[in-house]
Each structure stands twice: as structure tokens, then as C-alpha cells.
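Each chain, letter by letter, is given below.
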Amino acid sequence: MLVTQLTLVSETAQLTPSQLNRVAATLQNHALRGFSLIWNIPATVDAYTARDFR
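Source: prediction; values computed, not measured. (Residues numbered from 1 in each chain as written. Predicted model: local features only at pLDDT ≥ 70, side-chain atom pairs only at ≥ 80, totals over all residues. Heavy atoms only, no water.)

> It is not clear to me how a nonpolar patch on the surface should be interpreted in this structure. Could you clarify?
Together, L37, I38, W39 and I41 line one region of the surface with nonpolar side chains, adding up to about 480 Å² of accessible area. By the element assignment, L37 lies in helix α1 (residues 17-38). (Patch = residues over 30% accessible without salt bridge, like charges linked within 9 Å, V, L, I, M, F, W, Y side chains within 5 Å. Areas by Shrake-Rupley, 256 points an atom, 1.4 Å probe, with all protein chains shown as cover. Salt bridge = Lys/Arg side-chain N within 4 Å of Asp/Glu carboxyl O. Helix = DSSP H or I, 4+ residues; strand = E, 2+ residues; numbered from the N terminus.)

> Teacher, can you tell me more about the environment of N21 here?
Looking at where N21 falls in the secondary structure, it is placed in helix α1. Of the residues examined, N21 reaches a relative accessible area of 45% and is grouped as partly exposed. The spacing of N21 and L8 is 13 residues in sequence and 9.2 Å in space, taken between C-alpha atoms. (Buried < 20%, exposed > 50% of the residue type's maximum accessible area, 1.4 Å probe, protein only.)

> Before we go on, may I ask you to explain the packing of aromatic side chains in this structure?
A ring pair, where both rings are aromatic, is described by two values, the distance of the centres and the angle of the planes. Under the criterion given, the structure shown has one aromatic pair. Considering the side-chain rings of F35 and W39, the 5.2 Å spacing of their centres and the 85° angle between planes classify their relative orientation as edge-to-face. Exposure remark for F35: the relative accessible area of 24% places this residue in the partly exposed category. Residue classification places W39 among the exposed positions, given a relative accessible area of 54%. (Phe/Tyr/Trp six-rings, centres within 6.5 Å; stacked < 30°, edge-to-face > 60°.)

As C-alpha cells, then:
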């Protein structure tokens, strides 16, 4: 089964990487509950800063 990969990208310098990771962890919990348990679709959430994408 394929895994749905969700990416959270911060485009602001106002969030620290730690804060961004906390948001990603919360979204990961929701993805596990919603995607995996309800829709039977495994999903992961990864966090990056805009700098990581350049």
C-alpha cells in the first residue's frame, strides 16, 4: 500500500524549527486518526523551512 506524504513548509522566519516540528507532530496525529483509521490510507507529515527547499 502506498503512503500519502504531506509536507508542511514554513515560509516565515517567525517560526522556529522547533515550533514547526510541533505543528507537524500535531498534524501527523490527525493524519493517523483521519487518513489511517477512517479512510484506511497511511499518511506521514514532514516539516521543512523554505530554506530547505532552495
